[in-house]
Structure formats: structure tokens, C-alpha cells
Amino acid sequence: MNALPHFVDVHADVLDALNNQKPVVALESTIITHGMPFPENMDMAISVEEEIRHRGAVPATIAVLDGRLKIGLDAEELSRLAKVSDALKISRADIAFAISQKKSAGTTVAATMIVARMAGIRVFATGGIGGVHAGAETSFDISADLTELGKTDVMVVAAGAKAILDVPKTLEVLETQGVAVVGYRTDTLPAFWTAESDLEIPLRLDSANEIAEFQKVRDDLRLEAGLLVANPIPADDEIPSNIIDGYIETAQSEMAAQGISGKAVTPFLLQRIFELSEGRSLKANIALVKNNARLAADIAVAFHAPSRP
């Protein structure tokens, strides 16, 4: 592993894995700081890390605590992060700000990708990526996750883009950015809380080994863009589109009426959908995150195995 800046702390288990070429899976932390209430956020984070360990990989939750960039959290640090009430939500533009100002922060998909690649972690599990927000043709509200996927070669396992977004436009931007979008055992782009959509997936692969081999060829070609692995939520845990779409429409109308914009959009929408669904969206969110963690661990294990002839 390359030398890291002085403000970076690497958990001992993660450091050992990286130094010995063992599989590691990065995890973001805005799902802890902004995605779920306490104690569900801490319980979720612990269970997701356990899923990764059970599959033979080492979890590395990435966050900023009091200005220290953490690559892997111990139990005390995870508990502290889960309870922070004023944590920042950081991306490429402000990760250095959080560190320099000694803040605590949750890392978005973009920020987590940056740190993972810096540390040499090639696989990252999240819930759903950010993307093009509804009305972006006038607001220009497009997540930095998409441009980061276009230039940082990390494999990102997600249940598609968050369904609160304009998903067709998100898929178009991913194509423009040169991001390979692979459906895992699916021919349509997963819609976060729902396993299928009416959007055709650009590519399909049916095993972790195939995904790992695909990435190895991408590396040989020196392609710098990321790889998005779209992993559908398990059918038993999904919320049908005819139900969740109504919650999303209501939440977006309320958001517009209140003039909410910028980084506050996603947390507001997720909270209102949680309330409207009487907690069902949170249960589905936890299920899909665990499912993504399992696949990410399998990919990381396969990626570190010898290539097939």
C-alpha cells in the first residue's frame, strides 16, 4: 500500500489485508450519519460489516471523525459516528474542508470512492448511487457521484440509483461519463427499493467471478472510469413500484413546496418516504445494503484470486 497522508488512520485489520493483498470492501458512511436514525444506523453498520466478514473479506467503513480520515472503524468509533448530530455530508469538493476544520463527516459515494482508491481498495458497497434529480434541466442538481464514477476506477455495488432521482437521465449521464453499468443477474436497471424497472441494463454478468475478470481486463486497458454493478434488492424485501412511486411523488411535492435544495434533498426525501411508508422503506434499505455487501465481498474475493487462463 502506498504511503497515506498524515491525517489518515487505517484500522489494523484493513491495513493487514491491504499489505497482504487480501480482499477488502469499502463502505460509505452517509448512510450512518444521514440515512438512518440512531440506533438503527449503528445496528445496520455492524450487520453489514459482519456480512462482509462472513464472505471472506475485510470491511472498511470510511468516515471523518474530528478531522481524522478513517479507513475502517473500531466499535467505539462506529458508535461515536452513529450518534453525531451535526455531521457534515462530504463529497469531492469538501472532504478536505472537513479534515482541515477538524469536523466529523459521513462520506458520500464520491468521497468514499476517492479514499478507497487512494488506499488501494478496489470494491465498494453502498445502497444506491446519487444521480440526476428531478427538475435538473432547470436546477442543474446532479450528484457528484456520477462524475466521480467517470474518473475513479473503483467497482461500486449498488441497488441502482436511488429511486427518488430521475433514473433515465442518470443512466444517460453514466453513459456519457464512460461508466460501465453491469446488471447482476438482471436485464433491467434495479430501482433501489424495487428489483426491476423498465430501463434496459447496458451489460449483464451472472457471477462475481465474471465481474472480477471484467474489471481485470478494464485494468489492463487502463480504463479510468468506475464500474457500477447494479444488484437488485431481493424480491422478498422489495416495495412494489405502484406503492413506492406514490410515496416518492408525495415527498417530492412537499420538498418543492418547502424550497429544499442541494445536499438537503436526499435526506429530506428519504426521511419523508420512511414516514409515509411507516418504516417499510428503512427495512428495505437495510436489506438491499446487506445484499450489496454480500455481492461486493464475493467480487473482492474473486478479484484477488488468480485469473483464469
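Residues numbered from 1 in each chain as written. Predicted model: local features only at pLDDT ≥ 70, side-chain atom pairs only at ≥ 80, totals over all residues. Heavy atoms only, no water.

1. Focus on helix α6 (residues 109–119)
Residues three or four positions apart in an α-helix share a direction because the helix packs 3.6 residues into each turn.
So, step 1. Counting buried residues along α6, 8 of its 11 residues qualify, which places the element largely inside the surrounding structure.
So, step 2. Here α6 has its buried residues at Val 109, Ala 110, Ala 111, Thr 112, Met 113, Val 115, Ala 116 and Ala 119.
So, step 3. Just downstream of α6 lies Gly 120, where phi reads positive at about 90°. (Buried < 20%, exposed > 50% of the residue type's maximum accessible area, 1.4 Å probe, protein only. Helix = DSSP H or I, 4+ residues; strand = E, 2+ residues; numbered from the N terminus.)

2. As for unusual backbone geometry
So, step 1. Here the amide bond leading from Phe 38 into Pro 39 is cis, since omega sits at 10°, within 30 degrees of zero.
So, step 2. Relative to the helices and strands, Pro 39 is located in the loop between α2 (30–33) and α3 (40–54).
So, step 3. The backbone of Asp 66 sits at a positive phi, close to 50°, despite the residue not being glycine.
So, step 4. Within the secondary structure layout, Asp 66 lies in the loop between β3 (58–65) and β4 (68–71).

3. Thoughts on a nonpolar patch on the surface
So, step 1. Residues Val 217, Leu 221 and Leu 223 make up a contiguous nonpolar surface patch of about 270 Å² in total accessible area.
So, step 2. Structurally, the position occupied by Val 217 is in helix α10 (residues 208–220). (Patch = residues over 30% accessible without salt bridge, like charges linked within 9 Å, V, L, I, M, F, W, Y side chains within 5 Å. Areas by Shrake-Rupley, 256 points an atom, 1.4 Å probe, with all protein chains shown as cover. Salt bridge = Lys/Arg side-chain N within 4 Å of Asp/Glu carboxyl O.)

4. A short note on the pairing of strand β8 (residues 155–158)
So, step 1. Going residue by residue along β8, you find Met 155 and Val 157 tucked away on one face and Val 156 and Ala 158 tucked away on the opposite face as well.
So, step 2. One ladder, built from 4 bridges, connects β8 with strand β11 (residues 227–230); its direction is parallel. Of the residues in β11, the one forming a bridge with Met 155 is Leu 227. (Pairing = 2+ DSSP bridges.)

5. Details of the packing of α10 against helix α13 (residues 280–303)
So, step 1. Packing of α10 against α13 brings their axes to within 8 Å, and their N-to-C directions diverge by 55°. What the angle tells us is that α10 and α13 run oblique. The two elements α10 and α13 meet at a crossing, and its hand is right-handed. Across the interface between the two elements, Ala 208, Asn 209, Ile 211, Ala 212, Gln 215, Lys 216 and Asp 219 from α10 touch Asp 298, Ile 299, Ala 302 and Phe 303 from α13.
So, step 2. Each residue belonging to the contact of α10 with α13 can be placed in one class, and the counts come to 6 nonpolar, 2 polar and 3 charged. (Axes fitted to C-alpha atoms, helices over the stretch in contact; angles between N-to-C directions. Parallel < 35°, antiparallel > 145°, perpendicular 65-115°, else oblique. Left-handed = near helix turned anticlockwise from the far one by under 90°. Contact = heavy atoms within 4.5 Å. Nonpolar A, V, L, I, M, F, W, Y, C, P; charged D, E, K, R; others polar.)

6. Structural notes on the nonpolar core
So, step 1. Counting 105 residues, the largest nonpolar core has Met 44, Ile 71, Ile 121, Ile 129, Trp 193 and Ile 299 as its most contacted members.
So, step 2. At 13 residues, α13 tops the list of elements feeding residues into this core.
So, step 3. The residues touching Ile 299, leaving out its near neighbours within four places in the chain, are Val 123, Met 155, Val 157, Ala 208, Ile 211, Ala 212 and Val 229. (Core = buried A, V, L, I, M, F, W, Y, C linked by side-chain atoms within 4.5 Å.)

7. What about the pairing of β11?
So, step 1. On β11, burial covers both faces: Leu 227 and Val 229 on one face and Leu 228 and Ala 230 on the other are all buried.
So, step 2. Examined bridge by bridge, strand β9 (residues 180–184) and β11 share 4 bridges and lie parallel to one another. Paired with Gly 183 across the bridge in β11 is Ala 230.

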